[in-house]
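Observations on the model geometry
Here is how the chains run, residue by residue.
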Amino acid sequence: MVKMEKIILNTDGDSPLEYYVLEQTRIGGVDYLLLSDVADGDGEALILKDISGDGEEEGMFVTITDENELSAVAEVFENMLEDVTIEN
């Protein structure tokens, strides 16, 4: 079994959240992460877009608000992980 990388997301005013990195990709020069709240099995998925500047030590990620962008990125992740279905 492959050990998944766990990341901690700091949110404004809320407690930090822990997620597992299922996959990452770069599309059109932008990095995206596919995260899950569980290491194995069905869980809540989250796709984040990296808006960090070049050379920044810590990443800054946001949720994708554009439905077309979200659908396109979700389709890429589904193709990368054949056994995963992402529901919007």
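Report follows, based on the coordinates. (Residues numbered from 1 in each chain as written. Predicted model: local features only at pLDDT ≥ 70, side-chain atom pairs only at ≥ 80, totals over all residues. Heavy atoms only, no water.)

**Let's talk about the pattern of salt bridges**
In total, this model carries three salt bridges according to the counting rule given. The partner of Asp31 in a salt bridge is Arg26, with the nearest N and O atoms 3.2 Å apart. Here Asp31 falls in the partly exposed class, since its relative accessible area comes to 28%. The closest approach of N and O atoms between Glu69 and Lys49, which form a salt bridge, is 3.1 Å. Of this pair, Glu69 sits in helix H1 (residues 67-80) while Lys49 is found in strand E4 (residues 45-50), placing the two residues 20 residues apart along the sequence. (Salt bridge = Lys/Arg side-chain N within 4 Å of Asp/Glu carboxyl O. Buried < 20%, exposed > 50% of the residue type's maximum accessible area, 1.4 Å probe, protein only. Helix = DSSP H or I, 4+ residues; strand = E, 2+ residues; numbered from the N terminus.)

**Topic: the environment of Leu22**
Along the polypeptide, Leu22 turns up in strand E2 (residues 17-27). Take Leu22: its relative accessible area is 28%, and that puts it in the partly exposed class. In sequence terms Leu22 and Ser36 are 14 residues apart; their C-alpha atoms lie 6.7 Å from each other. Not counting residues within four places of it along the chain, the set of residues in contact with Leu22 comprises Met4, Leu34, Leu35, Ser36 and Leu81. (Contact = heavy atoms within 4.5 Å.)

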